[in-house]
Amino acid sequence: MTVYHFTGVIEPDEQGFHAYVPALPGCHTFADTVDEARKKILEALELHLQSMLEDGESVPVEREPVFITRLSVPVTV
């Protein structure tokens, strides 16, 4: 068994929470709570990786370190 490590992002949206894995386009899910989003993105990640491996695709390696930060940008209109 190989253990893969990826960054997951969970953010609020209009109807609850959107969770996704930036390194794997198409690997995302939606949920009503943060806990549910975490469980669902782990499931989506596992299925996504299994599908990639079954299709003979290589799994990308996420480079370290990953920084997520809030940015403020003044814009004059």
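To be clear, the structure that these remarks concern was listed above.
Keep in mind the model is a prediction, meaning the values are calculated, not measured.

Student: What is the right way to read the sheet that holds strand S3 (residues 28–31) from this model?
Tutor: What links the strands of a sheet is backbone hydrogen bonding, and the strands pair in either a parallel or an antiparallel sense. Spatial ordering of the open sheet is given by S1-S2-S3, a layout of 3 strands whose pairing is antiparallel. With one partner strand each, in any of the chains shown, strand S1 (9–13) and S3 form the two edges of the open sheet. Averaged over all neighbouring strand pairs, the angle between strand axes comes to 25°, with direction disregarded. The sheet contact formed by strand S2 (residues 16–20) and S3 spans 4 bridges and is antiparallel. Counted as the bridge partner of Tyr20 is His28 from S3. Against the sheet, helix H1 (residues 34–54) engages S1, S2 and S3, with an angle of about 155° to S3.

Calculation criteria
Residues numbered from 1 in each chain as written. Predicted model: local features only at pLDDT ≥ 70, side-chain atom pairs only at ≥ 80, totals over all residues. Heavy atoms only, no water. Pairing = 2+ DSSP bridges. Helix = DSSP H or I, 4+ residues; strand = E, 2+ residues; numbered from the N terminus. Axes fitted to C-alpha atoms, helices over the stretch in contact; angles between N-to-C directions. Contact = heavy atoms within 4.5 Å.

The values reported here are purely geometric and, on their own, carry no functional implication.
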